[in-house]
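Architecture and fold: a report
Next come the chains, spelled out residue by residue.
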Amino acid sequence: HRLDSIVISCVGSCLAAVNLFENLEKLFVFISCSKKRVPIYRENQKLLYSKDIICSIKKIKTTRRMSQSFSLRTVLEILETILDALDNIKNQEGAVDFKTRAECNGLIGYLQSFEFLLIANIYKNIFYFIEPVSKTLQAHDIDIIMAMDI
């Protein structure tokens, strides 16, 4: 668990990473906490990925280690769906609700920004290397000699 704690600490010490994960949390809340927005999101995903299982946007949990990785990976895999859903929400709800329109514009702008793409891919690569090591070190039947070779 110390390795996971180090990763969480690193994420917290980088302003761009904090911004990244705060925006992912904001995205989760914006879409999943509305009975109107979830169906729009699901319809967009069905249109773009008709043969795949519908993926939900993941919540970043402060109590669960590596939840940033799961959330980030999901958003990057279905980014096109998310952007289309935000655009549809903006056009449907935003026509009468300026706050919703502003929130959609902010999320769309951030998700299409160079900063998001750069930081998201950097952390995706970091998590790619850290996750297997973390899982191995947390195994119940870990061999201390094998752990030293990691």
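Residues numbered from 1 in each chain as written. Predicted model: local features only at pLDDT ≥ 70, side-chain atom pairs only at ≥ 80, totals over all residues. Heavy atoms only, no water.

1. Digging into the overall build of the protein
Along its length, the protein carries 8 helices and 0 strands. Of the regular secondary structure in the protein, the N- to C-terminal order runs α-α-α-α-α-α-α-α. Here the protein has roughly 9400 Å² of accessible surface; of this, 58% comes from carbon and sulfur atoms. (Helix = DSSP H or I, 4+ residues; strand = E, 2+ residues; numbered from the N terminus. Areas by Shrake-Rupley, 256 points an atom, 1.4 Å probe, with all protein chains shown as cover.)

2. So, the side chain of Thr81
Looking at the secondary structure, you find Thr81 in helix 5 (residues 79–92). On the basis of relative accessible area, Thr81 is assigned to the buried category, the value being 0%. Excluding its chain neighbours within four sequence positions, the residues that come into contact with Thr81 are Tyr41, Asn44, Gln45, Leu48 and Tyr49. (Buried < 20%, exposed > 50% of the residue type's maximum accessible area, 1.4 Å probe, protein only. Contact = heavy atoms within 4.5 Å.)

3. Some details on helix 3 (residues 37–48)
Look at helix 3: 17 Å from first C-alpha to last across 12 residues, which is about the 16 Å you get at 1.5 Å a residue. Those residues of helix 3 that are buried are in contact with helix 2 (15–32), helix 5 and helix 6 (98–111). (Expected span 1.5 Å × (residues − 1).)

4. Brief notes about a nonpolar patch on the surface
Together, Phe114, Leu118, Ile122 and Ile126 line one region of the surface with nonpolar side chains, adding up to about 370 Å² of accessible area. Inspection of the secondary structure assignment puts Ile126 in helix 7 (residues 114–138). For Ile126, a relative accessible area of 32% gives the class partly exposed. (Patch = residues over 30% accessible without salt bridge, like charges linked within 9 Å, V, L, I, M, F, W, Y side chains within 5 Å. Salt bridge = Lys/Arg side-chain N within 4 Å of Asp/Glu carboxyl O.)

5. Examining the side chain of Thr100
Of note, Thr100 is situated in helix 6. The residues touching Thr100, leaving out its near neighbours within four places in the chain, are Phe30, Arg37, Ile89, Glu93 and Gly94.

6. Topic: the environment of Arg73
Relative to the assigned elements, Arg73 resides in helix 4 (residues 67–77). Owing to a relative accessible area of 34%, Arg73 belongs among the partly exposed residues under this scheme.

7. Some points on the packing of helix 3 against helix 5
Relative orientation of the contacting elements helix 3 and helix 5 amounts to 135 degrees, with a least axis distance of 9 Å. What the angle tells us is that helix 3 and helix 5 run oblique. Classified by chirality, the crossing of helix 5 by helix 3 is right-handed. Residues Arg37, Ile40, Tyr41, Asn44, Gln45 and Leu48 of helix 3 form the contact with helix 5, whose participating residues are Glu80, Thr81, Ile82, Asp84, Ala85, Asn88, Ile89 and Gln92. In terms of residue class, the contact of helix 3 with helix 5 is built from 6 nonpolar, 5 polar and 3 charged. (Axes fitted to C-alpha atoms, helices over the stretch in contact; angles between N-to-C directions. Parallel < 35°, antiparallel > 145°, perpendicular 65-115°, else oblique. Left-handed = near helix turned anticlockwise from the far one by under 90°. Nonpolar A, V, L, I, M, F, W, Y, C, P; charged D, E, K, R; others polar.)

8. Observations concerning the packing of helix 2 against helix 3
Viewed as axis vectors pointing N to C, helix 2 and helix 3 meet at an angle of 105 degrees, and their least axial separation amounts to 7 Å. As summarised for this structure, helix 2 and helix 3 are arranged roughly perpendicular, according to the angle between their axes. Between helix 2 and helix 3, the residues in contact are Phe30, Ile31 and Ser32 and Arg37, Val38 and Tyr41, respectively.

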